[in-house]
Amino acid sequence: MFWVGFRFYDSVGFLNDLIECVGRTCAGLADKRRGKNAQFSMRDIGLAAFSPFFMQCPSFLSHQRQMCAGIGHGRSNCQTLLGMEHIPSDNHIRAMLDDVEPSSLFEPFDDALAALETAGALPSLTSLGGHTLIALDGTQYFCSNKLSCRNCSTRKHANGQIDYFHTVVAASIVKPGKTWVLPLRPEFVEPQQGYDKQDCESRAARRWLALNASRYCRLNPVYLGDDIYSKQPVCEEVLAAGAHFLFVCKPDSHKTIAEYLTGVEVPSRSRKIKRGKKYFNYTWRWMLGLPIRDGKDALDINWLEITIRDSNGKTNYRNSFITDLPVGADNVEHLAAAARARWKIENETFNTLKTKGYNLEHNFGHGKNNLSAVLVTFNLIAFAIHLAAELAETEWKAAIEIAGSRVRFFDNLRALTAYILFPSWDSLLKTLAFQLPPPLPS
Ligand SMILES: [Zn+2]
């Protein structure tokens, strides 16, 4: 089991510390109010917006308001679990957070990673013999033809209809064979009318690298990305940061590479692998020192490909990649597995973000300026802390194991916190793990 050998925290100090990091960051947010009209602190306002994501419950705040007014006698799980003083209204939260710059909320991403490092959990994040795989992926997280804000991107259809949308380049640590991702600082695609998604995403990705690559250098990262990343400018940006890349490379969009591979003998190896009850034939091919594009200044890259065929010889999957890392018979299989781990971002992070009955803007709406990006940031921070807790917080891990899955863990957490006031995370997680009975009303 991958967590063996960690220095576990004895209590839920790890989790409380990370929630406090979010509180501290929110306390430092710019407050646009003037005078004495400040019943609710920015800390309470930020934590309130964070809480539905962290508890995976869109109606968390409304349950806690009812608890406060009823059996809680002025207290709720907002106070005991999140360290809030008061619960602001959804309208107030929306109004106060709409002008907040999303980047002023990014510190908890660093805090979650640092906490994992301190807890000795970093080895659980590494791949390819000491590297960390950081997947970059642009995802549209909002689209409407009615609602819009100042920072929406737009897209005009042939029939004149205009789509308003938001896209974020999410960066996450991934690992082959693991069902989790650890979100890092994101970068929002700036509204730029007239550019298509790919141009914008590529620019945002380069902006991300310029802003963040040195921050994550200590992780010895290998950056993963889809075909729009495997262009010379992005590759150069990665190399300039002293890091490595392993990007999808489609033949259609890399004609020079495709030409070099045509009609030549390419090294390869094959292996039969059993998946479920069926056998599949895996073939890897690779080639070193190809120019990424036409022209004298073209960067030299190494190319690899994986093909999976079923027992009838039908191709089930094929993809090719480029990298600056050495490729050979000894590591091509691991490199292909690492490159494919990128899909986890979509499967794990954004499907959870968009589906599972959870509407991102359920409580607070879209806002006029930054609200949409602020809410996505809180959601990603919640994911980061969930994963950190799963890797390094004994009580959290035990509660998930007892529940049988993360989904059921959150189902139970949602149900219990709607009706019972827990004095602490220790009490809640031990109740979820059947180690303690639920607390009696005080
Ligand atoms: Zn918008």
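Since we're looking at a predicted model, the values are computed, not measured.

**Notes on the overall build of the protein**
Right, on to step 1. Along the protein, the regular secondary structure elements total 15 helices and twelve strands.
Right, on to step 2. Compactness check: the protein gives a C-alpha radius of gyration of 24 Å against a globular reference of 22 Å for 442 residues, within 12% of the reference.
Right, on to step 3. For the C-alpha atoms alone, the extent of the protein along its principal axes is close to 80 × 55 × 40 Å.
Right, on to step 4. The burial tally for the protein puts 54% of its 442 residues in the buried class.
Right, on to step 5. Considering only contacts within the protein whose residues lie at least 6 apart along the sequence, 65% involve residues at least 24 apart.
Right, on to step 6. Accessible area for the protein stands at about 19800 Å²; split by element, carbon and sulfur atoms hold 51% of it.
Right, on to step 7. Taken as two groups, the 50 positive and 45 negative side-chain charges of the protein have centres that lie 5 Å from each other.

**Overview of the coordination of the zinc ion**
Right, on to step 1. At the metal site, the zinc ion is ligated by Cys 149 (SG), Cys 152 (SG), His 166 (NE2) and His 366 (NE2), and these contacts range over 2.0 to 2.3 Å.
Right, on to step 2. With four donor atoms in place around the zinc ion and angles of 104 to 126 degrees between them, the coordination shape is tetrahedral.
Right, on to step 3. Spacing between the donor residues of the zinc ion along the chain follows C-x2-C-x13-H-x199-H. The two residues Cys 149 and Cys 152 agree in class, both being buried.

**Some words on helix H3 (residues 60–69)**
Right, on to step 1. Within H3, the full set of buried residues consists of Phe 60, Leu 61, Gln 64 and Met 67. Viewed along the axis of H3, the buried residues span an arc of 120 degrees, placing them on a single side of the element. Away from its buried face by more than 90 degrees, H3 exposes Gln 66 and Ala 69.
Right, on to step 2. Those residues of H3 that are buried are in contact with helix H2 (42–54), helix H4 (77–82), helix H5 (90–97) and helix H14 (406–419).

**Some details on the nonpolar core**
Right, on to step 1. By size, the foremost hydrophobic cluster in this structure holds 114 residues, and its most contacted members are Tyr 223 and Trp 425.
Right, on to step 2. Considering each element in turn, this core owes the most residues, 17 residues, to helix H12 (residues 371–392).
Right, on to step 3. Not counting chain neighbours up to four residues away, the residues in contact with Trp 425 comprise Val 12, Leu 15, Asn 16, Ile 19, Phe 54, Met 55, Leu 81, Trp 396, Leu 413 and Lys 430.
Right, on to step 4. Of all hydrophobic cores here, the second largest spans 26 residues; its members include Leu 133, Val 181, Ile 273 and Val 327.

**Side note on the pattern of salt bridges**
Right, on to step 1. Tallied over the entire structure, the rule returns 17 salt bridges.
Right, on to step 2. Residue Asp 90 is joined to Arg 65 by a salt bridge in which the shortest nitrogen-to-oxygen separation is 3.0 Å. Of this pair, Asp 90 sits in helix H5 while Arg 65 sits in helix H3, placing them 25 residues apart in sequence.
Right, on to step 3. With relative accessibility at 27%, the residue Arg 65 sits in the partly exposed group.
Right, on to step 4. The salt bridge involving Glu 395 is made with Lys 430; its shortest N-O contact spans 3.6 Å.

**Some details on H14**
Right, on to step 1. Taking 1.5 Å of rise per residue, 14 residues should cover 20 Å, and H14 covers 21 Å from first to last C-alpha, within 8% of that figure.
Right, on to step 2. Where H14 is buried, its residues meet H2, H3, H4, H12, helix H13 (394–403) and helix H15 (425–432).

**Concerning the packing of H14 against H15**
Right, on to step 1. Between H14 and H15, whose axes approach to 11 Å, the crossing angle comes to 120 degrees. Taken together, the axis directions place H14 and H15 in an arrangement best described as oblique. The two elements H14 and H15 meet at a crossing, and its hand is right-handed. Two secondary-structure elements touch here, H14 through Phe 409, Asn 412, Leu 413, Leu 416 and Thr 417 and H15 through Trp 425, Leu 428, Leu 429, Thr 431 and Leu 432.
Right, on to step 2. A per-class count over the contact of H14 with H15 returns seven nonpolar, three polar and no charged.

**Here we look at the packing of aromatic side chains**
Right, on to step 1. Taken as a whole, this structure holds 15 aromatic pairs when the rule is applied.
Right, on to step 2. For the ring pair Phe 245 and Phe 247, a centre distance of 5.6 Å and an interplane angle of 15 degrees mean the geometry is stacked. There is no split in this pair, since Phe 245 and Phe 247 are both buried.
Right, on to step 3. Geometry around Tyr 317 places Arg 340 over its ring, the cationic atom sitting 4.0 Å from the centre.

**Focus: the environment of Phe 383**
Right, on to step 1. Its location among the elements puts Phe 383 in helix H12.
Right, on to step 2. Taking the C-alpha atoms as reference, Phe 383 lies 7.3 Å from Leu 182; in sequence the two are 201 residues apart.

**Regarding the confidence of the model for the protein**
Where the model shows low pLDDT, its predicted coordinates should not be examined in detail.
Right, on to step 1. Within the protein, residue pLDDT values average 89, and 90% of them lie at 70 or more.
Right, on to step 2. Overall, residues 1–10 carries pLDDT values under 50, and its contacts beyond four positions in sequence, including any with other chains, amount to 25 contacts.

**So, the environment of Gln 232**
Right, on to step 1. Note that Gln 232 resides in helix H8 (residues 232–240).
Right, on to step 2. Here Gln 232 falls in the buried class, since its relative accessible area comes to 3%.
Right, on to step 3. Spatially, the C-alpha atom of Gln 232 lies 6.9 Å from that of Ile 292, the residues being 60 residues apart in sequence.
Right, on to step 4. In contact with Gln 232, not counting residues within four places along its chain, are Ile 292, Arg 293, Asp 297, Ala 298 and Leu 299.
Right, on to step 5. Within the structure, the side chain of Gln 232 is placed 2.9 Å from the backbone oxygen of Asp 297, a separation counted as a polar contact.

**Overview of unusual backbone geometry**
Right, on to step 1. We note that His 73 has phi near 50 degrees; this positive angle belongs to a residue other than glycine.
Right, on to step 2. The topology assignment puts His 73 in the loop between H3 and H4.

Cut-offs applied
- Residues numbered from 1 in each chain as written.
- Predicted model: local features only at pLDDT ≥ 70, side-chain atom pairs only at ≥ 80, totals over all residues.
- Heavy atoms only, no water.
- Helix = DSSP H or I, 4+ residues; strand = E, 2+ residues; numbered from the N terminus.
- Rg over C-alpha atoms; globule rule 2.2 N^0.38 Å.
- Buried < 20%, exposed > 50% of the residue type's maximum accessible area, 1.4 Å probe, protein only.
- Contact = heavy atoms within 4.5 Å.
- Areas by Shrake-Rupley, 256 points an atom, 1.4 Å probe, with all protein chains shown as cover.
- Lys, Arg positive; Asp, Glu negative; His and termini not counted.
- Charge placed at Lys NZ, Arg CZ, Asp CG, Glu CD.
- Donors = N, O, S within 2.8 Å, 3.2 Å for Na, K, Ca; no water.
- Tetrahedral: all angles 85-135°; square planar, octahedral: opposite > 155°, others 65-115°.
- Arc of directions from axis to C-beta.
- Core = buried A, V, L, I, M, F, W, Y, C linked by side-chain atoms within 4.5 Å.
- Salt bridge = Lys/Arg side-chain N within 4 Å of Asp/Glu carboxyl O.
- Expected span 1.5 Å × (residues − 1).
- Axes fitted to C-alpha atoms, helices over the stretch in contact; angles between N-to-C directions.
- Parallel < 35°, antiparallel > 145°, perpendicular 65-115°, else oblique.
- Left-handed = near helix turned anticlockwise from the far one by under 90°.
- Nonpolar A, V, L, I, M, F, W, Y, C, P; charged D, E, K, R; others polar.
- Phe/Tyr/Trp six-rings, centres within 6.5 Å; stacked < 30°, edge-to-face > 60°.
- Lys NZ or Arg CZ within 6 Å of the ring centre and 35° of its normal.
- pLDDT = per-residue confidence, 0-100.
- Polar contact = N/O pair within 3.5 Å; in protein donor to acceptor, adjacent residues only side chain to side chain.

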